[in-house]
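Architecture and fold: a report
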Amino acid sequence: MTDNAAATAKSALRARLIAGRRALAPEVHDAEARALAGHLEQLAAGAHTVCAYLPVGSEPGSAAMLDGLTRRGIRVLLPVVRTEDDGTPLPLMWGPYRPETLVAGPFGLVEPARPWLPAEVLAEADLIVVPALAVDRRGARLGRGAGFYDRSLLLRRPQTPLVAVVRDTELLDELPAEAHDVPMTHALTPGLGVVALA
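Residues numbered from 1 in each chain as written. Predicted model: local features only at pLDDT ≥ 70, side-chain atom pairs only at ≥ 80, totals over all residues. Heavy atoms only, no water.

Counted only if it meets this: UniProt positions are given in the numbering used here, feature names are shortened, and annotations may be inferred rather than shown by experiment.
The name an unreviewed UniProt entry gives the chain is 5-formyltetrahydrofolate cyclo-ligase, with Mycolicibacter senuensis as the organism. Here the chain is described in UniProt, under the heading Catalytic activity (unreviewed entry), as follows: "(6S)-5-formyl-5,6,7,8-tetrahydrofolate + ATP = (6R)-5,10-methenyltetrahydrofolate + ADP + phosphate".

Set out below in structure tokens:
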């Protein structure tokens, strides 16, 4: 599949997956969030630094995923999204997760207050937890399409696990992929837990 065809296929799939998430009953979302928090705590055992994100809206998970890590003494860093003046995405900057200091960020996100750490701090992470709309068994990830993570993940240590958080039904056999897509090493789902990807 050409990159142009893959981009078109991704756009249609994004719309379908977002609609499915929005239709999810709140009690189902909350039960899945609790399961994800428990799985992530187990996965992060032994980690010193985890780069993660705070789920918003209908995204799988909740702040409990991050709270569980910080209770274990793990340093949790959250992304800070910024663009060039022309809208071109910049690599993500990072800031420590402290619930009382979070502020509203662009695109409806919640982010750490200043001061921020440079994009290169990603190389300190022992585990990187990545938002996704879907992921396939080869590791192809479908994000929101802006490219922030694909630009940023190149700064990690090569052996650092990249974990896409999705619902069970969002772990697919195959997704359209483009040359710049950075493959995930694992999926994290409520029912299946941690799934190694090829």
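1. Describing the overall build of the chain
Condition: Runs of E in the DSSP output that reach at least two residues are strands. Runs of H or I that reach at least four are helices, and both are numbered from the N terminus. In this description the radius of gyration comes from C-alpha coordinates, and the expected globular size is given by 2.2 Å times residues to the power 0.38. Here the term buried applies to any residue with accessible area under 20% of the maximum for its type, exposed to any over 50%, and partly exposed to those in between, with areas from a 1.4 Å probe on protein chains only. Should any heavy atoms of two residues lie within 4.5 Å, those residues are considered in contact. The positive count covers Lys and Arg only, the negative count covers Asp and Glu only, and His and the chain ends enter neither. Charge coordinates come from a single atom per side chain, which is NZ of Lys, CZ of Arg, CG of Asp or CD of Glu.
Counting its regular elements, the chain contains four helices and twelve strands. A compact globule built from 198 residues would reach a C-alpha radius of gyration of about 16 Å, and the chain, at 16 Å, matches this within 12%. Overall, the chain is about 45 × 40 × 30 Å in size when its C-alpha atoms are taken along their principal axes. Looking at the chain as a whole, 48% of its 198 residues qualify as buried. Sequence separation of 24 or more characterises 71% of the internal contacts of the chain that already satisfy a separation of 6 or more. Across the chain, 20 positive and 23 negative side-chain charges occur, with their mean positions spaced 2 Å apart.

2. Some thoughts on the sheet that holds strand β7 (residues 134–136)
Under the convention used in this document: The criterion for strand pairing is that DSSP finds at least two bridges linking the strands in question.
With respect to topology, three strands assemble into an open sheet ordered β8-β7-β10, the strand pairing being mixed. The two strands at the open ends of the sheet, each matched to only one other strand, are β8 (141–142) and β10 (171–172). With two bridges joining them, β7 and β10 adopt parallel strand pairing. Considered in β10, the bridge of aspartate 136 is made with leucine 172.

3. Examining the UniProt feature "binding site: substrate" (unreviewed entry) in the chain
Threshold: A pocket here means an open set of points on a 1 Å grid, computed over the protein atoms alone, that has protein on both sides within 12 Å along at least five of seven lines. A cavity is instead a set of points where a 1.4 Å probe fits but cannot get out; residues with an atom within 4 Å of a point line either one.
UniProt's entry tags Leu54 and Glu59 with the feature "binding site: substrate" (unreviewed entry), counted in the numbering of this structure. Lining residues of the largest pocket, restricted to the annotated ones just named, are Leu54 and Glu59. In this fold, leucine 54 is placed in the loop between β1 (49–51) and α3 (63–71). Residues in contact with leucine 54, not counting those within four places in the same chain, are Glu59, Ala63, Leu66, Leu78, Leu102 and Val110. Given a relative accessible area of 11%, glutamate 59 falls into the buried group. When near neighbours in sequence (up to four residues on either side) are disregarded, glutamate 59 contacts Arg21, His29, Tyr53, Leu54, Pro131 and Arg144.

4. Let's talk about the environment of valine 50
As for its position among the elements, valine 50 is in strand β1. For valine 50, a relative accessible area of 0% puts it in the buried group. When the C-alpha positions of valine 50 and leucine 66 are compared, they lie 9.3 Å apart, and in sequence the two are 16 residues distant. Residue contacts for valine 50: discarding those within four places in its chain leaves Ala44, Leu69, Ile74, Arg75, Val76, Leu77, Leu127 and Val129.

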